[in-house]
Amino acid sequence: MNSQLSTNSYKETKENSNAKFKHLLSEYGILLALLGMAVALTILSPNFLTSANMLNLFKQVSINAVLAIGMTFVILTKGIDLSVGSILAFSGIITASLVVGNDTNLLLGIVAGLGAGLFLGAVNGIIIAKWKVTPFIATLGMMAIARGLTYIYSEGQPISGLSDAFLVIGTGGFLGIPISVWVVLVVFIICTLLLYHTKFGRYVYAVGGNENAARTSGLNVDRTLMSVYCISGLLAGLAGVLLTSRISSGLPQSGISYELDAIAAVVIGGTSLMGGRGRLWGTLVGALIIGVLNNGLDLLAVSSYWQQVIKGTIIIIAVLVDRKRT
Amino acid sequence: MTVQPFLLEMKGISKFFNGIKAISNVNLNIRKGTVHALMGENGAGKSTTMKILSGIYKPTEGTILMEGKEIFPNTPKVALDYGIAMIHQELSPIFEMTVAENIFLGREPLYSKVHLVNYPKMYKDTKKMFENLDLSINPKKKMKELSVSEIQMVEIVKAVSYDSKVIIMDEPTSSLADKEVEQLFSIINRLKKDGKGIIYISHKMDEIFRISDDITVFRDGEYISTNLAKDLDQETLIKQMVGRELTDVFPERNRSVKEEIALSVEGISAPGYFENVSFQVKKGEILGLTGLMGAGRTEVAKAIFGMIPIESGSIKLKGEPINIKEPKDAIKHGIALVTEDRKEEGLVLPMSVKQNITLSSLKSVSSGPMMKKNTEKQVADDMIKSLKIKTHHRNQLVETLSGGNQQKIVLAKWLLTNPTILILDEPTRGIDIGAKTEIYKLMDHLTKEGYSIIMISSEMPEVLGMSDRIIVLSEGKVMGTLSPKEATQEKILSLATANKVEV
Ligand SMILES: Nc1ncnc2c1ncn2[C@@H]1O[C@H](COP(=O)(O)OP(=O)(O)OP(=O)(O)O)[C@@H](O)[C@H]1O
Ligand SMILES: [Mg+2]
């Protein structure tokens, strides 16, 4: 009897640690994947782990990271936002038009760009929350509308000759770290607070997890949906400002298909398109994985055709791995 | 009992989830041509054991024998091939498909030459099945058009139609009306005669003693005992399940209902659901709302709670008319509704126990927009303790909780809103006898603190045992009000069917 008991408990602990290990692996696997990629690239290419390349990589990632953070809110509510690339272009062109020349009001230009993003996001929100159009269709429409508005406003021409002060956002740094990276960090911290330490964050998960139950529990579902599209629009506007400054001009054709990279970062990060499940830090890691992949494949001189194939494959693998997690 | 070989044997089965024990070393032996009841409290491991048998989970340890030979039911499909079919506790039909398509899912009849689905045959066969079992469900209807009890019957027919050797029924009657329960029992009797083995899980004691031959009891994931049903009585069985003596199911009646009217519903109508319904609930009272399934009870509750718009009539709280458009408004006025369907309207499955419990009262666990995480933990732990919710941790996802414990979470969520009017729609569905007693005690306690309770229930003993007044609905109309002294099962039934007889 006694010996039987002890063998039982032995099995239990073994099973226990085994399962815990598996659990940890599936929970933090993407961090390992990122690390693995970085190590591999450091070995394969002497140019990978240089400060110049790192700065470049982080700057590139920052745009997608900002978009993807907004996208995470939307996807957590079981939605999707296809319009972020177009909103980015619209905000960028608005800001650009207001900061041409050196005697312009910088703040006004930036606020107008952010405001434009917020406004278009709010329109998305109204169409989805109040008029009950599915997010896919609503934001598909907005993708075309915002792109069209961008071309109309800019008459199809790039806007250059931006103020030097404005260009500092994209080129300058603070404590040796690019300003755009600081922006991502600040956005990430604010959004983490929002998602995990406020009532609003709870609403986001509840609405995505079971909209019916959320409504029955007395939550304001419509307002929650409105808010997530506003956040996504605002962050797309911010990304537009960042990009305009980095490339030192407003391009009406910028941001095309950026929504796909943003969605990919969210999904690689472990957020479910079915809503209600996911995590914000995963999105950041997801954006880094995509960034490292792009950067590394460039360094290794892989043709851009193959890069697409590889990126697509990684996305699918990420989802397959993730299905094990939940 | 051991003379004839067992049809099915489960030996020393254990299952761990993420290293945490759900069941350990349990046994189950099924004889041919018998109904074997599997009993135990919520979270005892009944469903988990059955999911292992039907190929949903792989056991961590243990062996399964079918007619003496070891089998490995690794997927539901393989389990079906071995002759094991299961009716699940949580139904998951494909709502967009027709009844017949659901029944023949994965084994659609094909035309012999071309590999296309033979729909006429499929519908004909389904119709024949229903006729044989005396059911009147249209095979061409979509699943989403059926009532919960009809869906349940379809699932039963589906499981039976595989002609399996072992049929598992996990709480098949939790959403069935009496008439359908009788239909199920006659199906079961027929299966017994055909030499099938039926594993039957239910928290309804009277059913267990009516139909089972053998009874196995689990407690806390462990095997406790197997007995012939005729050798057991209810007390002994409950003692085996709960691990202690359980004397009175219903609390003693010593409530003092106040004269003050807490809520009055005056002539409310919602076309298609109910018409001209009026009643009052006094302070400290438990009002039983009963009737047959589909009588409009749930809809009345949903209307009070702002989930169904009312066309005419008014709702008054302490004499003041109130305007309720959405659940939010009702909650603000201190009304809470524990909905009947926990998965659709009650729980956010991918959220944790804690997050579900506090979902309707986030205000009380936050200051301004920020959550007060420690307060929230405290509040959740208190609820887990006081309702005896069986969970490994407050952060466990509710989707991994046993059915009965999920029900308790919904109850906890609403108790936390501190309602003055608590509407309970089938509050003890799927809840074990021990927990039921706890819930009844809690209801009694709440009324003493001045709460008013409207309890919708189809379970006669519960209606008779708990209500201070009983209102019977039929076809959306109030048929009469009974006091507990005059109420009997017969009187309630005759009121509940009054409309039907006239027509
Ligand atoms: N997927 C899972 N992950 C983690 N724990 C689980 C999972 N499924 C079940 N459990 C746990 O296993 C235990 C047994 O659950 P099970 O559903 O078998 O109970 P049950 O006897 O069917 O109860 P009820 O009468 O309430 O339906 C519970 O403590 C439950 O929380
Ligand atoms: Mg169960």
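Residues numbered from 1 in each chain as written. Chains lettered and ligands numbered in written order. Predicted model: local features only at pLDDT ≥ 70, side-chain atom pairs only at ≥ 80, totals over all residues. Heavy atoms only, no water.

The name that an unreviewed UniProt entry assigns to chain A is Ribose ABC transporter permease, with the source organism given as Domibacillus aminovorans. As stated in UniProt under Subcellular location (unreviewed entry), the record for chain A gives "Cell membrane". (UniProt positions renumbered as here; feature names shortened; annotations may be inferred.)

(A) Focus on the overall build of chain B. A tally of helices and strands in chain B yields 18 helices and 22 strands. Over its C-alpha trace chain B gives a radius of gyration of 24 Å, about what one expects of a compact globule, namely 23 Å for 503 residues. Dimensions along the principal axes, computed over C-alpha positions, put chain B at roughly 70 × 55 × 50 Å. Every one of the 503 residues in chain B was classed for burial, and the buried ones make up 56%. Taking the intrachain contacts of chain B between residues at least 6 apart in sequence as the baseline, contacts between residues at least 24 apart amount to 67%. Accessible area of chain B: about 21700 Å², with a carbon and sulfur share of 50%. (Helix = DSSP H or I, 4+ residues; strand = E, 2+ residues; numbered from the N terminus. Rg over C-alpha atoms; globule rule 2.2 N^0.38 Å. Buried < 20%, exposed > 50% of the residue type's maximum accessible area, 1.4 Å probe, protein only. Contact = heavy atoms within 4.5 Å. Areas by Shrake-Rupley, 256 points an atom, 1.4 Å probe, with all protein chains shown as cover.)

(B) Focus on the site of ligand 1. All names here are of chain B. The environment of ligand 1 is formed by 21 residues, the closest being Gly43, Ser47, Thr48, Ser402 and Gly404. Note that an oxygen atom of ligand 1 is positioned 2.9 Å from one of the backbone N or O atoms of glycine 45. Histidine 203 has a polar side-chain atom sitting 2.8 Å from an oxygen atom of ligand 1. Relative to its unbound accessible surface of 640 Å², ligand 1 loses 91% to contact with the protein. (Near = heavy atom within 4 Å. Polar contact = N/O pair within 3.5 Å; in protein donor to acceptor, adjacent residues only side chain to side chain.)

(C) Representation of the interface of chain A and chain B within the structure. On the side of chain B, 37 residues touch chain A, which itself brings 27 residues to the contact. Counting every contact that joins chain A to chain B gives 2 salt bridges. For glutamate 376 of chain B, the salt bridge goes to arginine 202 of chain A, with nearest N and O atoms at 2.6 Å. Scanning the region where chain A abuts chain B turns up 10 residue pairs in polar contact (both at pLDDT 80 or more). Those elements that place two or more of their residues in the side of chain A that touches chain B are helix 1 (2-44), helix 7 (179-197), helix 8 (199-209) and helix 9 (211-216) of chain A. Residues that form the side of chain A that touches chain B fall into these classes: 7 nonpolar, 13 polar and 7 charged. (Salt bridge = Lys/Arg side-chain N within 4 Å of Asp/Glu carboxyl O. Nonpolar A, V, L, I, M, F, W, Y, C, P; charged D, E, K, R; others polar.)

(D) Quick peek at a nonpolar patch on the surface. Taken together, the side chains of Phe21, Leu25, Leu32 and Leu35 of chain A define a hydrophobic patch exposed on the protein surface, amounting to about 430 Å² of accessible area. Within the secondary structure layout, phenylalanine 21 of chain A lies in helix 1. (Patch = residues over 30% accessible without salt bridge, like charges linked within 9 Å, V, L, I, M, F, W, Y side chains within 5 Å.)

(E) Broad picture of the nonpolar core. The biggest cluster of nonpolar side chains holds 91 residues, and the ones touching the most others in it are Ile69, Phe73 and Leu235 of chain A. Filtering out sequence-adjacent residues up to four positions away, leucine 235 of chain A remains in contact with Val66, Leu67, Ile69, Gly70, Val187 and Cys191 of chain A. Ile268, Leu362, Val398 and Ile409 of chain B belong to the second-largest nonpolar core, a separate cluster that totals 68 residues. (Core = buried A, V, L, I, M, F, W, Y, C linked by side-chain atoms within 4.5 Å.)

(F) Quick peek at the packing of aromatic side chains. Residues and elements named next belong to chain B. Counting across every chain of the model gives 9 aromatic pairs over all chains. Considering the side-chain rings of phenylalanine 17 and tyrosine 57, the 5.0 Å spacing of their centres and the 75 degrees angle between planes classify their relative orientation as edge-to-face. Here tyrosine 57 lies in the loop between helix 1 (46-53) and strand 4 (61-66) and phenylalanine 17 lies in strand 1 (residues 8-17), a separation of 40 residues in the sequence. Its relative accessible area of 29% is what places phenylalanine 17 among the partly exposed residues. (Phe/Tyr/Trp six-rings, centres within 6.5 Å; stacked < 30°, edge-to-face > 60°.)

(G) Up close: the coordination of the magnesium ion (ligand 2). All names here are of chain B. Taken together, the protein ligands of the magnesium ion (ligand 2) are Ser47 (OG) and Gln89 (OE1), with distances of 2.0 to 2.2 Å. With serine 47 in helix 1 and glutamine 89 in the loop between strand 6 (84-87) and helix 3 (99-103), the pair connects residues that are 42 residues apart, well separated along the chain. Neither residue differs from the other here; serine 47 and glutamine 89 are each classed as buried. (Donors = N, O, S within 2.8 Å, 3.2 Å for Na, K, Ca; no water.)

(H) Summary view of the sheet that holds strand 22 (residues 477-482) of chain B. All names here are of chain B. Spatial ordering of the open sheet is given by 16-19-20-13-21-22, a layout of 6 strands whose pairing is mixed. Strand pairing shows two members of the sheet lacking a second neighbour, strand 16 (335-338) and strand 22, which therefore form its edges. Between one strand and the next, the sheet's axes are offset by a mean angle of 20 degrees, whatever the strand orientation. The sheet contacts of helix 9 (residues 297-304) involve strand 13 (286-291), strand 16, strand 19 (421-425), strand 20 (452-456) and strand 21 (469-474), and relative to strand 20 the element is tilted by about 145 degrees. Its contacts with the sheet place helix 17 (residues 489-496) against strand 13, strand 21 and strand 22, and it is angled at close to 30 degrees to strand 21. (Pairing = 2+ DSSP bridges. Axes fitted to C-alpha atoms, helices over the stretch in contact; angles between N-to-C directions.)

(I) Inspection of the domain arrangement of chain B at higher detail. For chain B, the assigned domains are domain 1 (8-242) and domain 2 (247-334 + 421-428 + 454-503). Using only C-alpha atoms to locate each centre, domain 1 of chain B and domain 2 of chain B end up separated by 34 Å. (Domains from an automatic or database assignment.)

(J) Summary view of the sheet that holds strand 6 of chain B. All names here are of chain B. One open sheet holds the 6 strands; their spatial order is 6-7-8-3-9-10, and the pairing between them is mixed. Both edges of this open sheet fall to strand 6 and strand 10 (222-228), since each of them pairs with a single strand only. Across the sheet, the axes of successive neighbouring strands diverge by a mean angle of 20 degrees, strand direction being ignored. Sheet topology note: the strand 9 (residues 214-219)/strand 10 ladder contains 6 bridges and is antiparallel. Across the sheet, the residue bridging to phenylalanine 218 is tyrosine 223, located in strand 10. In the packing of helix 1 onto the sheet, the strands contacted are strand 3 (34-39), strand 6, strand 7 (166-170), strand 8 (197-201) and strand 9, and the crossing angle to strand 8 comes to about 150 degrees.

(K) Examining unusual backbone geometry more closely. Residues and elements named next belong to chain B. Phi at asparagine 276 takes a positive value of approximately 50 degrees, unusual for a residue other than glycine. Along the chain, asparagine 276 falls in strand 12 (residues 274-282). A relative accessible area of 55% means that asparagine 276 is categorised as exposed. The phi angle at lysine 388 is positive, at roughly 50 degrees, despite the residue not being glycine. If you trace the backbone, lysine 388 turns up in the loop between helix 13 (373-386) and helix 14 (403-415).

(L) Layout of the environment of methionine 142 of chain A. Residue and element names in this part refer to chain A. Mapped onto the elements of the fold, methionine 142 is located in helix 5 (residues 135-154). Overall, the relative accessible area of 3% leaves methionine 142 in the buried class. Between the alpha carbons of methionine 142 and serine 83 there is a distance of 5.6 Å; along the sequence they are 59 residues apart. Apart from the residues lying within four places of it in its own chain, the contact partners of methionine 142 are Ser83, Leu120, Val123, Asn124 and Arg147.

(M) Structural context of the packing of helix 7 of chain A against helix 8 of chain A. All names here are of chain A. One way to put it is that helix 7 packs onto helix 8 with a least axis distance of 5 Å and a crossing angle of 70 degrees. In terms of orientation, helix 7 and helix 8 fall into the roughly perpendicular class. Across from Leu194, Leu195 and Tyr196 in helix 7, the residues of helix 8 making contact are Phe200, Gly201, Arg202, Val204 and Tyr205. A per-class count over the contact of helix 7 with helix 8 returns 6 nonpolar, 1 polar and 1 charged. (Parallel < 35°, antiparallel > 145°, perpendicular 65-115°, else oblique.)

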